[in-house]
Amino acid sequence: MDEIVNKVANSALEVFDLEDYYSKGIRTQIDISQWLFEGFILKEKDFRETLKNHDWSQYQDHLVAIHCSTDAIIPAWASILVTSHLLPFVRKAILGNLSDLESSLYQDILSKIDYSNYLDKSIILKGCSKKPVPESAYILAIQHLQPIAKSIMYGEACSAVPLFKRAK
């Protein structure tokens, strides 16, 4: 009887799994419209008073996306003021939705990685993950990997899609 050999495990492929770089923490989306008159009109005095009386400690160590769910026209200082109240408590605050937050987290992390282990290697950008890895993270990853990699594929070793191969 022939021995079953795992060719994928024995290959020279390096797996780059973005899930390994997923930031742990509670993600929270804060909707500025909750502090607007009828969800649309910013009355500065009321807005400032409401923010002053809000319990910001509930966001301790959260990763926060600040947005407005209505079509209200909000001055730039309003989001900045919300952020100033959040800063003593949160790990990170961005303007946008939860997807924008994930992209921002990956941008921070991927810019700090030492990619030298991938020099002249064949790499698979692992495609399936249990955590929410945004498409933008893959775009950022390939920008870091392509200048140094021999080749890059996307997906799983058994069914990878070729993305890049360095010319000889």
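Residues numbered from 1 in each chain as written. Predicted model: local features only at pLDDT ≥ 70, side-chain atom pairs only at ≥ 80, totals over all residues. Heavy atoms only, no water.

Undergrad: So, the environment of L101: which residues are in play, and what are the values?
TA: Checked against the element boundaries, L101 lands in helix α3 (residues 98-110). Excluding residues that lie within four positions of it along the chain, L101 makes contacts with R27, L63, V64, A65, K92 and I94. (Helix = DSSP H or I, 4+ residues; strand = E, 2+ residues; numbered from the N terminus. Contact = heavy atoms within 4.5 Å.)

Undergrad: Outline the packing of helix α1 (residues 44-53) against helix α2 (residues 76-86), supporting the account with residue identities and numerical values.
TA: The geometry of α1 relative to α2 is characterised by a closest axis approach of 10 Å and an angle of 20° between their N-to-C directions. Comparing the axis directions of α1 and α2 gives the class roughly parallel. At the point where α1 passes α2, the crossing takes the right-handed sense. Here α1 contributes E44, F47, R48, L51 and K52 to the contact with α2, which in turn contributes W77, A78, L81, V82 and H85. (Axes fitted to C-alpha atoms, helices over the stretch in contact; angles between N-to-C directions. Parallel < 35°, antiparallel > 145°, perpendicular 65-115°, else oblique. Left-handed = near helix turned anticlockwise from the far one by under 90°.)

Undergrad: I'd like to hear about the sheet that holds strand β6 (residues 151-155), residue by residue, with values.
TA: Within the open sheet, the four strands sit side by side as β1-β5-β6-β7. Their pairing is mixed. The sheet terminates laterally at β1 (13-16) and β7 (161-165), the two strands that pair on one side only. Adjacent strand axes in the sheet meet at a mean angle of 25°, parallel and antiparallel pairs treated alike. Summarising the sheet, strand β5 (residues 122-126) and β6 pair through five bridges and their orientation is parallel. Within the sheet, the bridge partner assigned to K126 lies in β6 and is G155. Here helix α4 (residues 135-145) sits on the sheet in contact with β1, β5, β6 and β7, set at roughly 170° to β5. (Pairing = 2+ DSSP bridges.)

Undergrad: Tell me about the packing of α3 against α4, and name the residues and values.
TA: Where α3 meets α4, the axes come as close as 9 Å, and the angle between the chain directions of the two elements is 20°. Relative to α4, the element α3 lies roughly parallel. Where α3 crosses over α4, the handedness of that crossing is right-handed. Listed contacts from α4 to S103, Y106, Q107 and L110 of α3 are S136, A137, L140, A141 and H144. Partitioned by chemical class, the residues of the contact of α3 with α4 number five nonpolar, four polar and no charged. (Nonpolar A, V, L, I, M, F, W, Y, C, P; charged D, E, K, R; others polar.)

Undergrad: Give a detailed account of the nonpolar core, specifying residues and quantitative values.
TA: Counting residues in hydrophobic clusters, the biggest one holds 19 residues, and the most contacted among them are F16, L18, L110, Y115, L125, L145 and I152. Mapped onto this core, the elements with two or more residues apiece are α3, β5 and α4. It is α4 that provides the largest number of residues to this core, a total of five residues. Not counting the four nearest positions on each side in its chain, I152 is found in contact with I123, L125, I142, L145, Q146, V161, P162, L163 and F164. L36, L42, F47 and L86 belong to the second-largest nonpolar core, a separate cluster that totals 17 residues. (Core = buried A, V, L, I, M, F, W, Y, C linked by side-chain atoms within 4.5 Å. Buried < 20%, exposed > 50% of the residue type's maximum accessible area, 1.4 Å probe, protein only.)

Undergrad: Describe the pattern of salt bridges, with residues and values.
TA: For the structure on display, the rule yields six salt bridges. A salt bridge links K121 to E14; the nearest nitrogen and oxygen atoms lie 3.7 Å apart. Here K121, found in the loop between α3 and β5, pairs with E14, found in strand β1; they are 107 residues apart in sequence, far enough to count as distant. Owing to a relative accessible area of 29%, K121 belongs among the partly exposed residues under this scheme. (Salt bridge = Lys/Arg side-chain N within 4 Å of Asp/Glu carboxyl O.)

Undergrad: Let's hear about the packing of aromatic side chains: which residues, and what values?
TA: Summed over all chains, the structure comprises seven aromatic pairs. With centroids separated by 5.6 Å and ring planes inclined at 55°, the aromatic side chains of W35 and W56 adopt a geometry described as tilted. One end of the pair, W35, is in the loop between β2 (27-31) and α1; the other, W56, is in the loop between α1 and β3 (63-67), and 21 residues separate them in sequence. The two residues W35 and W56 agree in class, both being buried. Their ring planes at 45° and their centres at 6.0 Å tell us that W56 and Y59 sit as a pair that is tilted. What makes Y59 buried here is its relative accessible area of 8%. Ring pairs connect the aromatic residues F16, Y21, Y115 and Y118, which therefore count as one cluster. If you follow K43 out to its NZ or CZ, it ends over the ring of F37, 4.0 Å from the centre. (Phe/Tyr/Trp six-rings, centres within 6.5 Å; stacked < 30°, edge-to-face > 60°. Lys NZ or Arg CZ within 6 Å of the ring centre and 35° of its normal.)

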